[in-house]
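So the chains spell out like this:
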Amino acid sequence: RLTQTQLAERAGTSQATIAKLESGQLDASADLLERLTLQIGFPVAFLLGTDPMELPEGSLLLYRKKAKLSKADQEHVYNLSQLALTAVAELRQRFKPIPKTFPLLCGSDPKRAAGLIRNALGLKPGAPVDRLVQRLEASGVVCLALPIGEGCEGFDAFSALAGQETPVIAYHAGRPTDRVRMSVAHEAGHLALHGSAQLGPADAEAEAYGVAGELLLPSEELLSEMGSPLTVTELIRLKSRWGVSIAALIQRARHLERISVDQHKRLFIKLGKLGWRLNEPGSEQLAPEKPRLLARMFESVFRGDTRAFAESLGYPVSLVDALLAANGVGPSSSASDRGRLVEFARPEPRNTATPVRFAPGGRR
């Protein structure tokens, strides 16, 4: 999250030099590389390396015309996603590929797309969706829970095709489970209907939410269970069964014309009076949605040794701890190590004629 000026001051150089490095107009000397690595916490080898799978630039805001993320937040989320994806990709190279059964570009009918996704996830028709994220992983989608922490209030999730073929869904690990499930289902809808199209249709967001609604709240089954009139008590019961927010249930009921516009409005006013617009009851009782692929591969290869995994990636141990915790593994480095400056071995002298290209956030 350093600006060019802040990084330049800390590394003892100029903002213009950092700008030229990031744009590829200047090659970094060995001395400057070493000073930069001391500030960003990554070794020289990381800056000189390549990413096994690259997320397309601009994918974060592909379908969000009114996104509230600042430029700094966009870069932070994108770079963290790329770091997490690289960690997964490095481990996946040691295992057999997971067959991709997730349906891509399956037309523009949200209900049909939701049915195809349900089939790919091995779900019974009309049944509530359990372990959504892990089912998506089993269908070949790389799911990344991002340890974003504070900030990035406008971010929930995004999706893309990495390397033009691998479906990826990255989401904010700190959101409530009901919000995570709808966000992930929404991105699954984008992948199924739009892939990584540079320009989706004007109603792409509505189409993706249509898929998410039919995936998590299939119309026939939901309508048969909804009482009349639709009360807050009834909504709490439905939330527990279907694993989505009360707000999403109200929206779905209106979309299916179970309630009128006035009823829709009155229900949301009721939520506001109860203080439930931002913090609904029952969310903490839902089973967390966490990926398992990264955790299982890490345990199989590194047997819980976070430091060895960090060294293989060229990442700070604190970053690897955070990524693993968000993706289903608790931190394994000692408490005394966490929060301390991560020290890297001094790099050997190297031929600096090889161009080194930087991007904001430390990506090459």
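Criteria and cut-off values
- Residues numbered from 1 in each chain as written.
- Predicted model: local features only at pLDDT ≥ 70, side-chain atom pairs only at ≥ 80, totals over all residues.
- Heavy atoms only, no water.
- Helix = DSSP H or I, 4+ residues; strand = E, 2+ residues; numbered from the N terminus.
- Contact = heavy atoms within 4.5 Å.
- Areas by Shrake-Rupley, 256 points an atom, 1.4 Å probe, with all protein chains shown as cover.
- Buried < 20%, exposed > 50% of the residue type's maximum accessible area, 1.4 Å probe, protein only.
- Lys, Arg positive; Asp, Glu negative; His and termini not counted.
- Salt bridge = Lys/Arg side-chain N within 4 Å of Asp/Glu carboxyl O.
- Axes fitted to C-alpha atoms, helices over the stretch in contact; angles between N-to-C directions.
- Parallel < 35°, antiparallel > 145°, perpendicular 65-115°, else oblique.
- Nonpolar A, V, L, I, M, F, W, Y, C, P; charged D, E, K, R; others polar.
- Pairing = 2+ DSSP bridges.
- Phe/Tyr/Trp six-rings, centres within 6.5 Å; stacked < 30°, edge-to-face > 60°.
- Polar contact = N/O pair within 3.5 Å; in protein donor to acceptor, adjacent residues only side chain to side chain.

Some words on the overall build of the protein
Moving on, step 1. From N to C terminus, the protein includes 16 helices and three strands.
Moving on, step 2. A separation threshold of at least 6 residues defines the contact pool for the protein, and within that pool the share at least 24 residues apart is 68%.
Moving on, step 3. Summed over its atoms, the accessible surface of the protein is roughly 18,000 Å², and 51% of this surface lies on carbon and sulfur atoms.

With respect to the side chain of arginine 118
Moving on, step 1. Positionally, arginine 118 belongs in helix H6 (residues 110–120).
Moving on, step 2. Despite its burial, arginine 118 pairs with no opposite charge, the nearest such side chain being glutamate 214 at 6.6 Å.
Moving on, step 3. Those residues in contact with arginine 118, other than ones at most four positions away along the chain, are Leu123, Lys124, Pro125, Gly126, Ala127, Val129, Glu214, Leu215 and Pro218.

Points about unusual backbone geometry
Moving on, step 1. In the segment running from serine 228 into proline 229, the intervening peptide bond is cis, with an omega of 5 degrees.
Moving on, step 2. Relative to the elements of secondary structure, proline 229 occurs in the loop between helix H10 (219–225) and helix H11 (232–242).
Moving on, step 3. Backbone geometry places glutamate 257, a non-glycine residue, at a positive phi of 60 degrees.
Moving on, step 4. Positive phi, normally seen in glycine, also occurs at arginine 303, with a value near 50 degrees.
Moving on, step 5. In this structure, arginine 303 sits in the loop between helix H14 (293–302) and helix H15 (306–313).

A short note on the pattern of salt bridges
Moving on, step 1. The final tally for this structure, using the stated rule, is twelve salt bridges.
Moving on, step 2. Note that glutamate 214 and arginine 252 form a salt bridge whose closest N and O atoms lie 2.6 Å from each other. With glutamate 214 in helix H9 (residues 204–216) and arginine 252 in helix H12 (residues 246–255), the pair connects residues that are 38 residues apart, well separated along the chain.
Moving on, step 3. Residue arginine 252 is classed as buried on the basis of its relative accessible area of 6%.
Moving on, step 4. Among the salt bridges present, the one from glutamate 225 reaches arginine 241, with a minimum N-O distance of 2.8 Å. A residue pair is termed long-range when its members are at least 10 positions apart, and glutamate 225 in helix H10 and arginine 241 in helix H11 qualify at 16 residues.
Moving on, step 5. Judged by relative accessible area, arginine 241 falls into the partly exposed class, the value being 41%.
Moving on, step 6. Sharing partners across several salt bridges, the network here consists of Asp130, Arg131 and Arg135.

Here we look at the packing of H11 against H12
Moving on, step 1. The N-to-C vectors of H11 and H12 enclose an angle of 105 degrees; their axes lie 9 Å apart at closest approach. Overall, the two elements H11 and H12 adopt an arrangement that is roughly perpendicular. Here Leu235, Ile236, Leu238 and Lys239 of H11 lie close against H12, whose contacting residues are Ile246, Leu249 and Ile250.
Moving on, step 2. In terms of residue class, the contact of H11 with H12 is made up of six nonpolar, no polar and one charged.

Topic: the pairing of strand E1 (residues 142–146)
Moving on, step 1. The element E1 is largely enclosed, with a buried count of five among its five residues.
Moving on, step 2. Judged by which residues are buried, E1 turns out to be covered on both faces: Val142, Leu144 and Leu146 on one side and Cys143 and Ala145 on the other are all buried.
Moving on, step 3. As paired strands, E1 and strand E3 (residues 166–172) are joined by five bridges and run parallel to one another. Its bridge partner lying in E3, leucine 146 is registered against histidine 172.

Thoughts on the packing of aromatic side chains
Moving on, step 1. Enumeration over the complete set of coordinates arrives at seven aromatic pairs.
Moving on, step 2. Centroid distance phenylalanine 42 to phenylalanine 46: 4.5 Å. Interplanar angle 35 degrees. Geometry classified as tilted. Of the two residues, phenylalanine 42 and phenylalanine 46, both sit in the buried class.
Moving on, step 3. Between phenylalanine 298 and phenylalanine 302, the aromatic rings sit 6.3 Å apart at their centres with planes inclined by 25 degrees, giving stacked as the arrangement. Note that phenylalanine 298 and phenylalanine 302 are positioned in helix H14 at a spacing of four residues, about one turn of the helix.
Moving on, step 4. Taking the relative accessible area as the measure of exposure, phenylalanine 302 reaches 14% and is therefore buried.
Moving on, step 5. Among the aromatic side chains, those forming a connected cluster through ring pairs are Phe42, Phe46 and Tyr315.

Thoughts on the side chain of arginine 175
Moving on, step 1. Within the secondary structure, arginine 175 sits in the loop between E3 and helix H8 (177–194).
Moving on, step 2. Within polar-contact distance, the side chain of arginine 175 engages the backbone oxygen of cysteine 152 at 3.3 Å.
Moving on, step 3. Residues within four places of arginine 175 in sequence aside, it is in contact with Cys152, Glu153, Phe155, Asp156 and Val180.

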